[in-house]
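# Examining the three-dimensional arrangement
Spelled out, the chains give:
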Amino acid sequence: MIPAQFDYELATSADHAIELLGGYGDEAKLLAGGHSLLPLMKLRFATPTALVDIGRLEDLKYVRDAGDHMAIGALTVYEDVHFNEDLIRECPIVAHTAGDVGDPQVRHRGTMGGSIAHGDPASDIPTVMLALDATFVVRGPGGEREVAASDFFKGTFETDLAVDEILTELRVPKLGGAGWSYQKFHHRAQDWATVGVAAVVQRSNGDVGSAAIAFTSMNDTPMRSHAVEQALASGEDPASASQHAGEGTNPVSDPLGTAEYRRAMAVVFTRRALEEALSR
Ligand SMILES: Cc1cc2nc3c(=O)[nH]c(=O)nc-3n(C[C@H](O)[C@H](O)[C@H](O)COP(=O)(O)OP(=O)(O)OC[C@H]3O[C@@H](n4cnc5c(N)ncnc54)[C@H](O)[C@@H]3O)c2cc1C
């Protein structure tokens, strides 16, 4: 339970962090809230030569109204997102889901950017980002680039980030009148999702007009459910469309549930997500 030895570097700006990363090749890791990285280091699943601490970069801790979207600084902790009045008004699914992550200790230390950059398919926030078609801002030695959430997650703990890049901002669209829901099926309140379902629904005459559905813990990355989305688009009602939730998924079997159990729960929680989204 003791990490291997590592150098510690304190970054004073995002550009300083990029410079420090560059000096270590692929041997260094950024340290934000540490709630994913440090447990891996203690188990020695991760043995970085150096940690570049970005946890004190105050200019990356914010929630801003940016006109057509809300901008969230990568170092913003879940707790600040959960209680942010502007997000609660403009994109409530993000504020709501941030309050569903882990326990109070995790929510006071864990960051939105860390959740995205870590690339864990069991994390809640990446799923919501996929359902929202969010955009991520990434900075590296060559400048800044934007990456669509749909292009960002490459595999378990694998993302589009290069070793010398830092995620600086998450951009989420304002929901307007869209219905929304994040259903997290977990055994105890502070647990990870055995299955999670995010739904963002555009209504048409009280029914689903179109919907974006995304899953947690149903593949090696967070994933959109094209099967459910297509069923809804072709006119199936929520109960019937939810029956397609297992299609195209590839969940793991672990002590929280077998793959078969997860597929069955995805059906149940997709229906609940659609019903709740329509009622909001
Ligand atoms: C007990 C416990 C329960 C938890 N329960 C849940 C849960 O229910 N749901 C859930 O979604 N999560 C859960 N988590 C995970 C928690 O949300 C993580 O803390 C968070 O996902 C990672 O954020 P962090 O700031 O701690 O990142 P860190 O641990 O500091 O970093 C994680 C990884 O991301 C990289 N990184 C961090 N920030 C950046 C950045 N800005 N740019 C580029 N790379 C970066 C790091 O180098 C590292 O590889 C839990 C964690 C614990 C310890």
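What you are looking at is a predicted structure, and each value in this text was computed from that prediction instead of being measured. (Residues numbered from 1 in each chain as written. Predicted model: local features only at pLDDT ≥ 70, side-chain atom pairs only at ≥ 80, totals over all residues. Heavy atoms only, no water.)

### Here's the deal with a nonpolar patch on the surface
A contiguous nonpolar surface patch, about 420 Å² in accessible area, is contributed by M1, L43 and F45. In this fold, F45 is placed in the loop between α2 (37–42) and β3 (50–53). (Patch = residues over 30% accessible without salt bridge, like charges linked within 9 Å, V, L, I, M, F, W, Y side chains within 5 Å. Areas by Shrake-Rupley, 256 points an atom, 1.4 Å probe, with all protein chains shown as cover. Salt bridge = Lys/Arg side-chain N within 4 Å of Asp/Glu carboxyl O. Helix = DSSP H or I, 4+ residues; strand = E, 2+ residues; numbered from the N terminus.)

### Notes on the pairing of strand β13 (residues 207–216)
Among the ten residues of β13, seven are classified as buried, and the element is accordingly described as predominantly covered. By the bridge criterion, nine bridges tie strand β12 (residues 195–204) to β13 in an arrangement that is antiparallel. Pairing of Q202 across the sheet is with S210, part of β13. Here β12 hands over to β13 after two residues, with N205 in that stretch at a positive phi of 50°. (Buried < 20%, exposed > 50% of the residue type's maximum accessible area, 1.4 Å probe, protein only. Pairing = 2+ DSSP bridges.)

### Digging into the sheet that holds strand β2 (residues 28–31)
Sheet strands pair by backbone hydrogen bonding; their relative direction is either parallel or antiparallel. An order of β1-β3-β2 is seen for the three strands of this open sheet, with the pairing classed as parallel. Of all strands in the sheet, those with a lone pairing partner are β1 (7–10) and β2, marking the two edges. On average, each strand axis in the sheet is inclined to that of its neighbour by 25°, with strand direction left out of account. Bridge count for β1 against β3 is four bridges, and the pairing is parallel. Note on β3: the bridge partner recorded for Y8 is L51. (Axes fitted to C-alpha atoms, helices over the stretch in contact; angles between N-to-C directions.)

### Some details on unusual backbone geometry
At R44, a residue that is not glycine, the phi angle is positive and equals roughly 60°. Turning to its location among the elements, R44 is positioned in the loop between α2 and β3. Although it is not a glycine, F157 adopts a positive phi angle of roughly 60°. Relative to the assigned elements, F157 resides in the loop between β8 (153–155) and β9 (158–159). Residue classification places F157 among the partly exposed positions, given a relative accessible area of 44%.

### Thoughts on the pattern of salt bridges
Any two side chains of opposite charge can pair, so long as their charged atoms come close to each other. Under the definition given, this model contains 18 salt bridges. The residue D191 makes a salt bridge to R188 at a minimum N-O spacing of 2.8 Å. Taking the relative accessible area as the measure of exposure, D191 reaches 13% and is therefore buried. One salt bridge in this structure joins E276 and R280, with 3.2 Å as the shortest N-O distance. You can call E276 partly exposed: its relative accessible area is 26%. The structure contains a network of salt bridges with shared partners spanning D15, R139 and E144.

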